[in-house]
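If you want the building blocks of each chain, they are given just below.
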Amino acid sequence: AHTEGQDGHLKRPAISFEFFPPKTEDMERNLWETINRLAPLDPKFVSVTYGAGGSTRERTHSTISRILKETPLLPAAHLTCVGASRGEIDEIVDRYHEVGVRHIVALRGDPAGGIGTPYASHPDGYQNSADLVAGIKKRHADIEVSVSAYPEKHPESRDFDADIDTLKAKVDAGATRAITQVFFDNDFYFRYLDRVRARGINIPVVPGIMPMHNFKQARNFVTRNGTTVPEWLAAKFEGLDNDAETRKLVAATVAAGQVQKLAKHGVDTFHFYTMNRADLVFAISHLLGIRAKSAQKAA
Ligand code: FAD
């Protein structure tokens, strides 16, 4: 695939943004500043995460509802199987459907005991992510379902074959888009995509991009989730622990380099883990050729 237009410029890719539900009024104000700054970039959808163990059930719902009410954006609600019966999950799904949500990111979720402990499904619950996808599609065929994908394989997967079996099961259950776990080495993504396509899975596998606002914090977080932080990347942030301004410039440069390389190889859809911050994601989108709607009109 080639995304270069006749004038040699890359075609405008499709983008989506991920937010987490705010805990405090300050965080809520900050999230809405972020949403208002990013909305003119016309994302295909914006998604709102679901706290571990369902801890943000109400906050995820209220954030999604406010997005529906106050913006033209299409929200996607994350949902996990953890700590809830089928009946409880079905109720959440019905409630989303009733207010007009037509996109759910369906996940198994992390073990209740934390990452690294064994996963035990709720006795009356959806058993795994594919089971949840099937449950959602059965209740509401008009809800679009996205799922996760792991370019470095999920830490609990025995090997890549088992990992891709899981993705296949989710697709067979009705998922029509996969969004990847964050990765920093594009080779992981391309090798994974080859494996996925070889398995006959043809849905879009959208790369999840995370600009590193705070390298040390982000490294701890992503490493726990099985993402490799390459040495060359760590080296770029060396000596910048007390220099937030330079860190920000470096983070933007790194992420922009990553998405531009992906785009050159034909990737035309990106999902940004925004961490509820607009600045880096706005700059990186700009470098991908994306302009705010009002600016496009003016031009
Ligand atoms: P799954 O696809 O369910 O795979 C998990 C593991 O289970 C794999 O090892 C797989 O091989 C195995 N497995 C799956 N099905 C079967 C089966 N039938 N039989 C045997 N083994 C099986 N977490 C949250 O709590 N809230 C969120 O909002 C959230 N959003 C996320 C968004 C994205 C894009 C990504 C990539 C992850 C997100 N997560 C979220 C994290 C996710 O919940 C964890 O990574 C979790 O450990 C796995 O759930 P999953 O649906 O991603 O994985």
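That block above? That's the structure.
The structure reproduced in this document is the subject of the present report. (Residues numbered from 1 in each chain as written. Predicted model: local features only at pLDDT ≥ 70, side-chain atom pairs only at ≥ 80, totals over all residues. Heavy atoms only, no water.)

### Considerations on the environment of V250
Step number 1: Tracing the backbone shows V250 in helix α9 (residues 244–264).
Step number 2: Taking the relative accessible area as the measure of exposure, V250 reaches 18% and is therefore buried.
Step number 3: In contact with V250, not counting residues within four places along its chain, are K236, F237 and L240. (Helix = DSSP H or I, 4+ residues; strand = E, 2+ residues; numbered from the N terminus. Buried < 20%, exposed > 50% of the residue type's maximum accessible area, 1.4 Å probe, protein only. Contact = heavy atoms within 4.5 Å.)

### Regarding the packing of helix α2 (residues 57–70) against helix α3 (residues 86–99)
To characterise two packed helices, one gives the angle between the axes of the helices and the distance between these axes.
Step number 1: Interaxial distance between α2 and α3 falls to 11 Å at its minimum, and their mutual angle equals 15°. Judged on the interaxial angle alone, α3 and α2 are roughly parallel. In this structure, α2 crosses over α3, and the sense of that crossing is right-handed. For the pair formed by α2 and α3, the contact residues are R57, E58, T60, H61, I64 and L68 on the first element and I92, R95, Y96 and V99 on the second.
Step number 2: A per-class count over the contact of α2 with α3 returns five nonpolar, two polar and three charged. (Axes fitted to C-alpha atoms, helices over the stretch in contact; angles between N-to-C directions. Parallel < 35°, antiparallel > 145°, perpendicular 65-115°, else oblique. Left-handed = near helix turned anticlockwise from the far one by under 90°. Nonpolar A, V, L, I, M, F, W, Y, C, P; charged D, E, K, R; others polar.)

### A short note on the pattern of salt bridges
Step number 1: Under the definition given, this model contains 16 salt bridges.
Step number 2: K293 is the salt-bridge partner of D42, the closest N and O atoms lying 3.6 Å from each other. Here K293 lies in helix α11 (residues 293–298) and D42 lies in the loop between α1 (25–38) and β2 (45–48), a separation of 251 residues in the sequence.
Step number 3: Residue classification places K293 among the partly exposed positions, given a relative accessible area of 44%.
Step number 4: With a shortest N-O distance of 3.1 Å, R66 and E70 are connected by a salt bridge. Within this pair, R66 and its partner E70 are both found in helix α2, separated by four residues, close to a single helical turn.
Step number 5: Classification of R66 by relative accessible area gives partly exposed; the value is 27%. (Salt bridge = Lys/Arg side-chain N within 4 Å of Asp/Glu carboxyl O.)

### A few points about the nonpolar core
Step number 1: Core analysis: the largest hydrophobic core is formed by 89 residues, its most contacted members being F17, F270 and F272.
Step number 2: Per-element tally for this core: the top contributor is α9, with nine residues.
Step number 3: In this view, F272 contacts I15, S16, F17, E18, I209, V259, V281, I284, S285 and L288; residues no more than four positions away in its chain are not counted. (Core = buried A, V, L, I, M, F, W, Y, C linked by side-chain atoms within 4.5 Å.)

### Side note on the site of the ligand
Step number 1: In the vicinity of the ligand, 21 residues are found, and the nearest of them are Y50, D110, S148, Y150 and K170.
Step number 2: Within the contact set of the ligand, an oxygen atom lies 3.0 Å away from a side-chain nitrogen or oxygen of H78.
Step number 3: Within the side chain of S157, a nitrogen or oxygen atom sits 2.8 Å from an oxygen atom of the ligand.
Step number 4: If the ligand stood free it would expose 950 Å²; the protein chains cover 80% of that surface. (Near = heavy atom within 4 Å. Polar contact = N/O pair within 3.5 Å; in protein donor to acceptor, adjacent residues only side chain to side chain. Areas by Shrake-Rupley, 256 points an atom, 1.4 Å probe, with all protein chains shown as cover.)

### Points about the pairing of β2
Step number 1: Every second residue of β2 is oriented toward a common face, with F45 and S47 on one face and V46 and V48 on the other, all of them buried.
Step number 2: In this structure, strand β1 (residues 14–19) lies alongside β2, joined through four bridges in parallel fashion. Note that in β2 the partner of F19 across the bridge is V48.
Step number 3: Taken together, β1, α1 and β2 form a β-α-β motif whose crossover is right-handed.
Step number 4: By the bridge criterion, three bridges tie β2 to strand β3 (residues 75–80) in an arrangement that is parallel. Across the sheet, the residue bridging to V46 is P75, located in β3.
Step number 5: Between the parallel elements β2 and β3, the chain passes through α2 in a crossover that is right-handed. (Pairing = 2+ DSSP bridges. Right-handed = clockwise from strand over helix to strand, strands pointing away.)

### Here's the deal with the side chain of S85
Step number 1: Tracing the sequence through the fold places S85 in the loop between β3 and α3.
Step number 2: The class for S85 is buried, based on a relative accessible area of 17%.
Step number 3: Beyond its immediate chain neighbours, meaning those up to four positions away, S85 contacts H122, D124 and G125.

Purely geometric stuff here, so don't read any function into it on its own.
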